[in-house]
Amino acid sequence: MLKLNAVLLFILDFYIFFALRATNIKFIRTTWFTVLWWGYSLSLLIGLFISFQYSIPLMIRSIILVAFFLTAVSKFIYAIVLIIDDARRGGIWLSRLFSNKKGKDLEESVEELEKPLPEVPKKGITRSEFLLKSGIVVAALPMIPLAWGVISTAYDYRIRRQKLVLPNLPKAFHGMKIAQISDVHSGSFYNKKAVMGGVEMLLGEKPDAIFFTGDLVNNVASEMRDYQDIFSKLHADLGVFSTLGNHDYGDYYYGPGDSPAKRKNLQDVIDTHKVMGWDLLMDENRTLKVGNEEISIVGVQNWGTGRFPKKGDLKKALMGTEDKAVKLLLSHDPSHWRAQVLDTDVDAMFAGHTHGMQFGVRGENFQWSPAKFIYKEWAGLYTEKQSQLYVNVGFGFLGYPGRVGIAPEITVFELVTA
(Lines give C-alpha, C1' and ligand atoms only; values in the text may rest on other atoms or scores of the structure.)
Protein backbone atom coordinates (compact mmCIF):
# COMPACT_ATOMS: atom_id res chain seq x y z
CA MET A 1 0.00 0.00 0.00
CA LEU A 2 2.89 2.37 0.78
CA LYS A 3 4.41 1.83 -2.67
CA LEU A 4 1.03 2.12 -4.39
CA ASN A 5 0.24 5.39 -2.58
CA ALA A 6 3.66 6.77 -3.52
CA VAL A 7 3.16 5.95 -7.21
CA LEU A 8 -0.37 7.40 -7.29
CA LEU A 9 0.72 10.59 -5.54
CA PHE A 10 3.57 11.11 -8.00
CA ILE A 11 1.23 10.59 -10.97
CA LEU A 12 -1.10 13.23 -9.52
CA ASP A 13 1.88 15.51 -8.88
CA PHE A 14 3.01 15.42 -12.53
CA TYR A 15 -0.51 15.85 -13.89
CA ILE A 16 -1.40 18.79 -11.62
CA PHE A 17 2.03 20.45 -11.83
CA PHE A 18 1.97 20.82 -15.61
CA ALA A 19 -1.69 21.86 -15.57
CA LEU A 20 -0.83 24.64 -13.12
CA ARG A 21 2.12 25.70 -15.25
CA ALA A 22 -0.35 26.31 -18.08
CA THR A 23 -2.10 29.04 -16.08
CA ASN A 24 -1.19 32.74 -16.04
CA ILE A 25 -0.43 32.73 -12.30
CA LYS A 26 3.02 34.35 -12.15
CA PHE A 27 4.33 32.60 -9.03
CA ILE A 28 3.59 29.14 -10.47
CA ARG A 29 5.92 29.89 -13.39
CA THR A 30 8.88 30.65 -11.08
CA THR A 31 11.71 28.32 -10.05
CA TRP A 32 10.68 28.75 -6.42
CA PHE A 33 7.32 27.14 -7.07
CA THR A 34 8.98 24.15 -8.77
CA VAL A 35 11.36 23.69 -5.83
CA LEU A 36 8.58 23.99 -3.26
CA TRP A 37 6.21 21.69 -5.15
CA TRP A 38 8.61 18.79 -5.66
CA GLY A 39 10.48 19.37 -2.40
CA TYR A 40 7.27 19.09 -0.38
CA SER A 41 6.09 15.98 -2.24
CA LEU A 42 9.45 14.24 -1.86
CA SER A 43 9.71 15.16 1.83
CA LEU A 44 6.20 13.86 2.43
CA LEU A 45 6.91 10.50 0.81
CA ILE A 46 10.20 10.12 2.71
CA GLY A 47 8.40 10.95 5.95
CA LEU A 48 5.68 8.43 5.15
CA PHE A 49 8.26 5.71 4.52
CA ILE A 50 10.10 6.49 7.77
CA SER A 51 6.88 6.52 9.82
CA PHE A 52 6.01 3.00 8.71
CA GLN A 53 9.48 1.46 8.72
CA TYR A 54 11.00 2.92 11.87
CA SER A 55 10.00 3.61 15.45
CA ILE A 56 9.47 7.36 15.77
CA PRO A 57 7.48 9.44 18.30
CA LEU A 58 3.74 9.06 17.77
CA MET A 59 3.21 12.82 17.59
CA ILE A 60 5.65 13.16 14.67
CA ARG A 61 4.19 10.11 12.98
CA SER A 62 0.68 11.53 13.32
CA ILE A 63 1.73 14.90 11.85
CA ILE A 64 3.22 13.11 8.84
CA LEU A 65 0.08 11.02 8.32
CA VAL A 66 -2.20 14.05 8.68
CA ALA A 67 -0.14 15.99 6.14
CA PHE A 68 -0.14 13.06 3.71
CA PHE A 69 -3.89 12.49 4.07
CA LEU A 70 -4.84 16.15 3.60
CA THR A 71 -2.46 16.56 0.66
CA ALA A 72 -3.69 13.41 -1.07
CA VAL A 73 -7.37 14.37 -0.67
CA SER A 74 -6.81 17.90 -2.02
CA LYS A 75 -4.76 16.71 -4.99
CA PHE A 76 -7.31 14.03 -5.82
CA ILE A 77 -10.14 16.58 -5.84
CA TYR A 78 -8.13 18.98 -7.99
CA ALA A 79 -7.26 16.17 -10.40
CA ILE A 80 -11.00 15.54 -10.88
CA VAL A 81 -11.46 19.21 -11.86
CA LEU A 82 -8.60 18.91 -14.36
CA ILE A 83 -9.99 15.70 -15.84
CA ILE A 84 -13.38 17.38 -16.34
CA ASP A 85 -11.69 20.25 -18.21
CA ASP A 86 -9.55 17.90 -20.29
CA ALA A 87 -12.61 15.84 -21.16
CA ARG A 88 -14.45 19.00 -22.22
CA ARG A 89 -11.55 20.14 -24.38
CA GLY A 90 -11.16 16.64 -25.82
CA GLY A 91 -14.84 16.55 -26.70
CA ILE A 92 -14.55 19.82 -28.62
CA TRP A 93 -11.49 18.51 -30.46
CA LEU A 94 -13.26 15.28 -31.42
CA SER A 95 -16.36 17.12 -32.57
CA ARG A 96 -14.14 19.13 -34.91
CA LEU A 97 -12.38 16.00 -36.10
CA PHE A 98 -15.55 14.15 -37.03
CA SER A 99 -17.60 17.08 -38.29
CA ASN A 100 -18.03 16.49 -42.00
CA LYS A 101 -18.69 19.75 -43.79
CA LYS A 102 -19.27 19.56 -47.52
CA GLY A 103 -16.46 20.79 -49.69
CA LYS A 104 -13.84 20.53 -46.94
CA ASP A 105 -10.72 18.62 -47.97
CA LEU A 106 -8.13 16.95 -45.70
CA GLU A 107 -5.81 19.97 -45.65
CA GLU A 108 -8.62 22.26 -44.52
CA SER A 109 -9.66 19.76 -41.77
CA VAL A 110 -6.12 19.70 -40.38
CA GLU A 111 -5.95 23.49 -40.38
CA GLU A 112 -9.30 23.60 -38.56
CA LEU A 113 -8.05 21.25 -35.80
CA GLU A 114 -4.93 23.35 -35.30
CA LYS A 115 -6.97 26.44 -34.46
CA PRO A 116 -7.38 27.24 -30.74
CA LEU A 117 -10.58 26.18 -29.02
CA PRO A 118 -13.37 28.72 -29.58
CA GLU A 119 -13.54 29.82 -25.96
CA VAL A 120 -11.26 32.85 -25.66
CA PRO A 121 -13.28 35.96 -24.79
CA LYS A 122 -12.06 39.44 -25.57
CA LYS A 123 -12.27 40.29 -21.91
CA GLY A 124 -11.91 38.08 -18.83
CA ILE A 125 -10.44 34.56 -18.85
CA THR A 126 -11.03 31.35 -20.75
CA ARG A 127 -13.19 28.57 -19.41
CA SER A 128 -10.09 26.40 -18.93
CA GLU A 129 -8.36 29.17 -17.01
CA PHE A 130 -11.45 29.59 -14.87
CA LEU A 131 -11.63 25.85 -14.09
CA LEU A 132 -7.94 25.66 -13.23
CA LYS A 133 -8.08 28.60 -10.84
CA SER A 134 -11.44 27.80 -9.25
CA GLY A 135 -10.32 24.19 -8.90
CA ILE A 136 -7.56 25.36 -6.55
CA VAL A 137 -10.22 26.82 -4.26
CA VAL A 138 -12.41 23.70 -4.49
CA ALA A 139 -9.46 21.41 -3.70
CA ALA A 140 -8.50 23.54 -0.68
CA LEU A 141 -11.97 23.49 0.89
CA PRO A 142 -11.72 19.95 2.41
CA MET A 143 -8.58 21.02 4.27
CA ILE A 144 -10.69 23.03 6.72
CA PRO A 145 -13.03 20.30 8.07
CA LEU A 146 -10.33 17.61 7.86
CA ALA A 147 -7.86 19.72 9.83
CA TRP A 148 -10.59 20.59 12.34
CA GLY A 149 -11.38 16.89 12.68
CA VAL A 150 -7.81 16.33 13.87
CA ILE A 151 -7.51 19.38 16.10
CA SER A 152 -10.93 19.26 17.75
CA THR A 153 -12.75 15.95 17.24
CA ALA A 154 -10.21 13.11 17.47
CA TYR A 155 -10.53 12.96 21.27
CA ASP A 156 -13.93 14.62 21.63
CA TYR A 157 -15.54 11.65 23.40
CA ARG A 158 -19.33 11.62 23.48
CA ILE A 159 -21.63 9.49 25.63
CA ARG A 160 -24.59 8.02 23.78
CA ARG A 161 -27.37 6.66 25.97
CA GLN A 162 -29.46 3.79 24.71
CA LYS A 163 -32.31 1.89 26.33
CA LEU A 164 -32.18 -1.78 25.42
CA VAL A 165 -35.58 -3.44 25.75
CA LEU A 166 -35.29 -7.20 26.27
CA PRO A 167 -38.59 -9.11 26.56
CA ASN A 168 -37.13 -12.00 28.55
CA LEU A 169 -34.90 -9.93 30.83
CA PRO A 170 -35.12 -11.15 34.45
CA LYS A 171 -36.49 -8.46 36.77
CA ALA A 172 -33.29 -8.41 38.83
CA PHE A 173 -31.46 -6.99 35.78
CA HIS A 174 -34.03 -4.28 35.03
CA GLY A 175 -32.25 -0.92 35.06
CA MET A 176 -28.78 -2.45 34.86
CA LYS A 177 -26.19 -0.18 33.17
CA ILE A 178 -23.72 -1.56 30.63
CA ALA A 179 -21.04 0.63 29.03
CA GLN A 180 -19.49 -0.25 25.67
CA ILE A 181 -16.36 0.98 23.94
CA SER A 182 -14.82 -0.43 20.80
CA ASP A 183 -11.89 0.03 18.41
CA VAL A 184 -9.32 1.62 20.70
CA HIS A 185 -6.54 1.35 18.07
CA SER A 186 -3.90 2.34 20.60
CA GLY A 187 -1.20 2.53 17.91
CA SER A 188 -2.85 5.68 16.57
CA PHE A 189 -2.98 7.61 19.86
CA TYR A 190 -0.62 10.50 20.57
CA ASN A 191 -2.32 12.22 23.54
CA LYS A 192 -2.35 10.21 26.78
CA LYS A 193 -4.08 12.95 28.75
CA ALA A 194 -7.00 13.05 26.31
CA VAL A 195 -7.36 9.25 26.34
CA MET A 196 -7.38 9.31 30.15
CA GLY A 197 -10.17 11.88 29.95
CA GLY A 198 -12.27 9.48 27.90
CA VAL A 199 -11.69 6.62 30.36
CA GLU A 200 -12.64 8.87 33.31
CA MET A 201 -15.78 9.94 31.45
CA LEU A 202 -16.81 6.27 31.15
CA LEU A 203 -16.04 5.55 34.81
CA GLY A 204 -18.12 8.56 35.81
CA GLU A 205 -21.19 6.71 34.52
CA LYS A 206 -20.63 3.96 37.13
CA PRO A 207 -21.69 1.08 34.87
CA ASP A 208 -22.51 -2.34 36.33
CA ALA A 209 -20.58 -4.02 33.50
CA ILE A 210 -18.30 -2.89 30.66
CA PHE A 211 -18.02 -4.39 27.16
CA PHE A 212 -15.06 -3.92 24.80
CA THR A 213 -15.73 -5.17 21.29
CA GLY A 214 -12.33 -5.54 19.65
CA ASP A 215 -9.37 -3.85 17.91
CA LEU A 216 -7.27 -2.97 20.92
CA VAL A 217 -4.26 -2.32 18.65
CA ASN A 218 -3.55 -1.49 15.01
CA ASN A 219 -0.94 -4.17 14.41
CA VAL A 220 1.22 -5.25 17.35
CA ALA A 221 0.76 -5.74 21.09
CA SER A 222 3.57 -3.30 21.97
CA GLU A 223 1.31 -0.40 20.90
CA MET A 224 -0.46 -0.77 24.25
CA ARG A 225 2.73 -0.18 26.25
CA ASP A 226 1.96 3.49 26.96
CA TYR A 227 -1.79 3.01 27.42
CA GLN A 228 -2.11 -0.23 29.37
CA ASP A 229 -2.15 1.53 32.73
CA ILE A 230 -4.88 3.90 31.56
CA PHE A 231 -7.25 1.19 30.35
CA SER A 232 -6.49 -0.91 33.42
CA LYS A 233 -8.52 1.66 35.35
CA LEU A 234 -11.72 0.41 33.70
CA HIS A 235 -13.59 -1.48 36.39
CA ALA A 236 -17.18 -2.53 36.99
CA ASP A 237 -18.83 -4.57 39.74
CA LEU A 238 -20.01 -7.31 37.36
CA GLY A 239 -16.85 -7.30 35.27
CA VAL A 240 -15.17 -5.98 32.11
CA PHE A 241 -15.71 -8.33 29.18
CA SER A 242 -13.81 -8.11 25.90
CA THR A 243 -13.27 -9.77 22.56
CA LEU A 244 -10.82 -9.55 19.65
CA GLY A 245 -11.14 -7.58 16.41
CA ASN A 246 -9.58 -8.09 12.99
CA HIS A 247 -6.58 -5.86 13.78
CA ASP A 248 -5.67 -7.78 16.94
CA TYR A 249 -4.39 -10.85 15.07
CA GLY A 250 -1.42 -9.08 13.45
CA ASP A 251 -2.46 -9.94 9.87
CA TYR A 252 -1.72 -6.42 8.62
CA TYR A 253 1.80 -6.52 10.00
CA TYR A 254 2.95 -10.15 9.76
CA GLY A 255 0.83 -11.11 6.75
CA PRO A 256 -2.07 -13.58 6.54
CA GLY A 257 0.12 -16.68 6.99
CA ASP A 258 1.18 -18.31 10.24
CA SER A 259 4.54 -17.61 11.88
CA PRO A 260 6.08 -17.90 15.37
CA ALA A 261 6.34 -14.09 15.65
CA LYS A 262 2.70 -13.67 14.73
CA ARG A 263 1.57 -16.30 17.26
CA LYS A 264 3.65 -14.63 19.98
CA ASN A 265 2.16 -11.23 19.15
CA LEU A 266 -1.38 -12.60 19.44
CA GLN A 267 -0.52 -14.17 22.79
CA ASP A 268 0.89 -10.82 23.93
CA VAL A 269 -2.41 -9.15 22.96
CA ILE A 270 -4.34 -11.80 24.90
CA ASP A 271 -2.03 -11.34 27.90
CA THR A 272 -2.58 -7.57 27.77
CA HIS A 273 -6.33 -8.10 28.25
CA LYS A 274 -5.59 -10.30 31.24
CA VAL A 275 -3.11 -7.87 32.80
CA MET A 276 -5.68 -5.07 32.52
CA GLY A 277 -8.22 -7.25 34.33
CA TRP A 278 -10.46 -7.70 31.28
CA ASP A 279 -12.22 -11.04 30.81
CA LEU A 280 -11.38 -11.87 27.19
CA LEU A 281 -14.00 -14.17 25.68
CA MET A 282 -12.50 -16.43 23.01
CA ASP A 283 -15.61 -18.27 21.77
CA GLU A 284 -16.74 -18.55 25.37
CA ASN A 285 -19.54 -17.38 27.65
CA ARG A 286 -19.91 -16.18 31.19
CA THR A 287 -22.90 -16.14 33.54
CA LEU A 288 -23.93 -12.92 35.26
CA LYS A 289 -25.89 -13.55 38.44
CA VAL A 290 -27.96 -11.06 40.39
CA GLY A 291 -29.81 -12.63 43.28
CA ASN A 292 -31.17 -15.92 41.98
CA GLU A 293 -31.46 -14.79 38.35
CA GLU A 294 -28.94 -15.16 35.53
CA ILE A 295 -28.12 -13.97 32.03
CA SER A 296 -25.30 -14.97 29.66
CA ILE A 297 -22.48 -12.84 28.27
CA VAL A 298 -21.13 -14.48 25.11
CA GLY A 299 -17.99 -13.50 23.21
CA VAL A 300 -16.59 -14.69 19.89
CA GLN A 301 -13.35 -14.06 18.10
CA ASN A 302 -13.51 -11.90 14.99
CA TRP A 303 -15.93 -13.09 12.32
CA GLY A 304 -16.61 -10.89 9.32
CA THR A 305 -17.87 -11.26 5.78
CA GLY A 306 -15.69 -10.57 2.75
CA ARG A 307 -11.95 -10.34 3.29
CA PHE A 308 -12.07 -10.13 7.08
CA PRO A 309 -10.97 -13.04 9.32
CA LYS A 310 -13.52 -15.69 10.21
CA LYS A 311 -11.95 -16.86 13.46
CA GLY A 312 -15.02 -17.04 15.65
CA ASP A 313 -17.02 -20.17 16.45
CA LEU A 314 -20.49 -19.03 17.47
CA LYS A 315 -21.83 -22.53 18.16
CA LYS A 316 -18.97 -23.21 20.54
CA ALA A 317 -19.45 -19.85 22.25
CA LEU A 318 -23.17 -20.54 22.87
CA MET A 319 -22.67 -24.01 24.34
CA GLY A 320 -24.11 -24.15 27.84
CA THR A 321 -26.33 -21.07 27.46
CA GLU A 322 -29.47 -22.95 26.42
CA ASP A 323 -31.28 -22.36 29.73
CA LYS A 324 -30.39 -18.68 30.07
CA ALA A 325 -33.24 -16.18 29.69
CA VAL A 326 -31.10 -13.57 27.90
CA LYS A 327 -27.92 -13.87 25.82
CA LEU A 328 -25.79 -10.80 25.10
CA LEU A 329 -23.14 -11.31 22.42
CA LEU A 330 -19.86 -9.46 21.90
CA SER A 331 -18.73 -9.75 18.26
CA HIS A 332 -16.50 -7.16 16.61
CA ASP A 333 -17.83 -7.08 13.05
CA PRO A 334 -21.52 -6.10 12.54
CA SER A 335 -21.73 -8.19 9.36
CA HIS A 336 -21.65 -11.24 11.64
CA TRP A 337 -25.18 -10.38 12.79
CA ARG A 338 -26.89 -11.06 9.45
CA ALA A 339 -24.53 -13.83 8.43
CA GLN A 340 -24.97 -16.05 11.52
CA VAL A 341 -26.37 -14.41 14.63
CA LEU A 342 -29.93 -13.84 13.38
CA ASP A 343 -30.30 -17.62 13.08
CA THR A 344 -29.67 -18.08 16.81
CA ASP A 345 -31.57 -17.10 19.96
CA VAL A 346 -29.10 -14.31 20.84
CA ASP A 347 -31.09 -11.35 22.18
CA ALA A 348 -28.62 -8.57 21.46
CA MET A 349 -25.23 -8.28 19.78
CA PHE A 350 -22.67 -5.54 20.47
CA ALA A 351 -20.23 -4.65 17.68
CA GLY A 352 -17.84 -1.96 16.41
CA HIS A 353 -15.46 -2.13 13.44
CA THR A 354 -16.99 0.49 11.09
CA HIS A 355 -15.78 3.67 12.88
CA GLY A 356 -18.67 5.31 11.03
CA MET A 357 -15.82 5.77 8.54
CA GLN A 358 -14.79 8.68 10.84
CA PHE A 359 -16.72 10.96 8.51
CA GLY A 360 -20.38 11.86 8.24
CA VAL A 361 -23.30 13.38 10.09
CA ARG A 362 -24.79 11.93 13.25
CA GLY A 363 -27.64 13.47 15.21
CA GLU A 364 -30.44 12.15 17.40
CA ASN A 365 -32.82 11.39 14.55
CA PHE A 366 -30.61 11.39 11.46
CA GLN A 367 -27.26 9.91 10.53
CA TRP A 368 -25.30 9.53 7.32
CA SER A 369 -21.82 8.33 6.42
CA PRO A 370 -20.12 6.72 3.41
CA ALA A 371 -19.97 3.67 5.69
CA LYS A 372 -23.61 2.98 4.78
CA PHE A 373 -22.49 1.95 1.29
CA ILE A 374 -20.29 -0.78 2.79
CA TYR A 375 -22.23 -1.89 5.87
CA LYS A 376 -25.99 -2.12 6.10
CA GLU A 377 -25.62 -1.72 9.87
CA TRP A 378 -22.88 0.83 10.58
CA ALA A 379 -23.88 2.89 13.65
CA GLY A 380 -26.50 2.73 16.38
CA LEU A 381 -29.31 0.27 17.15
CA TYR A 382 -30.87 -2.16 14.66
CA THR A 383 -33.70 -4.63 15.24
CA GLU A 384 -34.84 -7.65 13.23
CA LYS A 385 -36.88 -10.67 14.21
CA GLN A 386 -36.37 -11.01 17.97
CA SER A 387 -32.74 -9.87 17.84
CA GLN A 388 -31.04 -6.51 18.26
CA LEU A 389 -27.65 -5.17 17.15
CA TYR A 390 -25.81 -2.10 18.41
CA VAL A 391 -22.82 -0.78 16.42
CA ASN A 392 -20.45 1.50 18.35
CA VAL A 393 -18.48 3.86 16.05
CA GLY A 394 -15.32 3.50 18.11
CA PHE A 395 -13.19 5.08 20.81
CA GLY A 396 -10.05 5.60 18.70
CA PHE A 397 -9.19 6.23 15.08
CA LEU A 398 -7.26 4.58 12.27
CA GLY A 399 -5.50 6.02 9.22
CA TYR A 400 -6.87 9.56 9.25
CA PRO A 401 -6.07 10.72 12.82
CA GLY A 402 -9.30 12.58 13.33
CA ARG A 403 -13.07 12.51 12.91
CA VAL A 404 -15.45 14.76 10.99
CA GLY A 405 -19.04 14.61 12.21
CA ILE A 406 -18.66 11.14 13.76
CA ALA A 407 -17.39 11.68 17.29
CA PRO A 408 -15.61 8.93 19.28
CA GLU A 409 -18.25 7.06 21.24
CA ILE A 410 -18.87 5.70 24.72
CA THR A 411 -22.23 3.95 24.78
CA VAL A 412 -24.19 3.52 28.01
CA PHE A 413 -27.07 1.02 27.86
CA GLU A 414 -29.92 0.70 30.29
CA LEU A 415 -31.41 -2.79 30.25
CA VAL A 416 -35.19 -2.66 30.38
CA THR A 417 -37.70 -5.46 30.91
CA ALA A 418 -40.39 -5.31 28.23
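Look up a bit, the structure's there.
Residues numbered from 1 in each chain as written. Predicted model: local features only at pLDDT ≥ 70, side-chain atom pairs only at ≥ 80, totals over all residues. Heavy atoms only, no water.

**Here we look at the packing of aromatic side chains**
All chains considered together, the criterion is met by 28 aromatic pairs. Here Phe 17 and Phe 33 contribute two aromatic rings whose centre-to-centre distance is 6.0 Å and whose plane-to-plane angle is 5°, an arrangement assigned as stacked. Remark: Phe 33 occurs in helix 2 (residues 31-53) and Phe 17 occurs in helix 1 (residues 2-21); sequence separation between them is 16 residues. No difference in accessibility class separates Phe 17 from Phe 33, as the two residues are buried. With a centroid separation of 6.3 Å and 70° between ring planes, the pair formed by Phe 211 and Phe 241 is classed as edge-to-face. (Phe/Tyr/Trp six-rings, centres within 6.5 Å; stacked < 30°, edge-to-face > 60°. Helix = DSSP H or I, 4+ residues; strand = E, 2+ residues; numbered from the N terminus. Buried < 20%, exposed > 50% of the residue type's maximum accessible area, 1.4 Å probe, protein only.)

**A look at the side chain of Asn 265**
Relative to the elements of secondary structure, Asn 265 occurs in helix 10 (residues 260-275). Since its relative accessible area comes to 5%, Asn 265 is described here as buried. The contact partners of Asn 265, leaving out residues within four places of it in the chain, are Asn 219, Val 220, Ala 221, Asp 248, Gly 250 and Tyr 254. (Contact = heavy atoms within 4.5 Å.)

**Some remarks on the pattern of salt bridges**
In total, this model carries 15 salt bridges according to the counting rule given. Note that Lys 75 and Asp 13 form a salt bridge whose closest N and O atoms lie 2.3 Å from each other. Residue Lys 75 is located in helix 3 (residues 58-98), and its partner Asp 13 is located in helix 1; the two are separated by 62 residues in the primary sequence. Under the relative-accessibility criterion, Lys 75 is labelled buried at 9%. As a salt-bridge pair, Glu 384 and Arg 338 come within 2.8 Å of each other at their nearest N and O atoms. Here Glu 384, found in strand 12 (residues 380-384), pairs with Arg 338, found in helix 12 (residues 335-339); they are 46 residues apart in sequence, far enough to count as distant. Residue Arg 338 is classed as partly exposed on the basis of its relative accessible area of 32%. Here the salt bridges do not stand alone but share partners, grouping Arg 161, Lys 177 and Glu 205 into one network. (Salt bridge = Lys/Arg side-chain N within 4 Å of Asp/Glu carboxyl O.)

Spatial relationships are all this shows, so hold off on functional conclusions.
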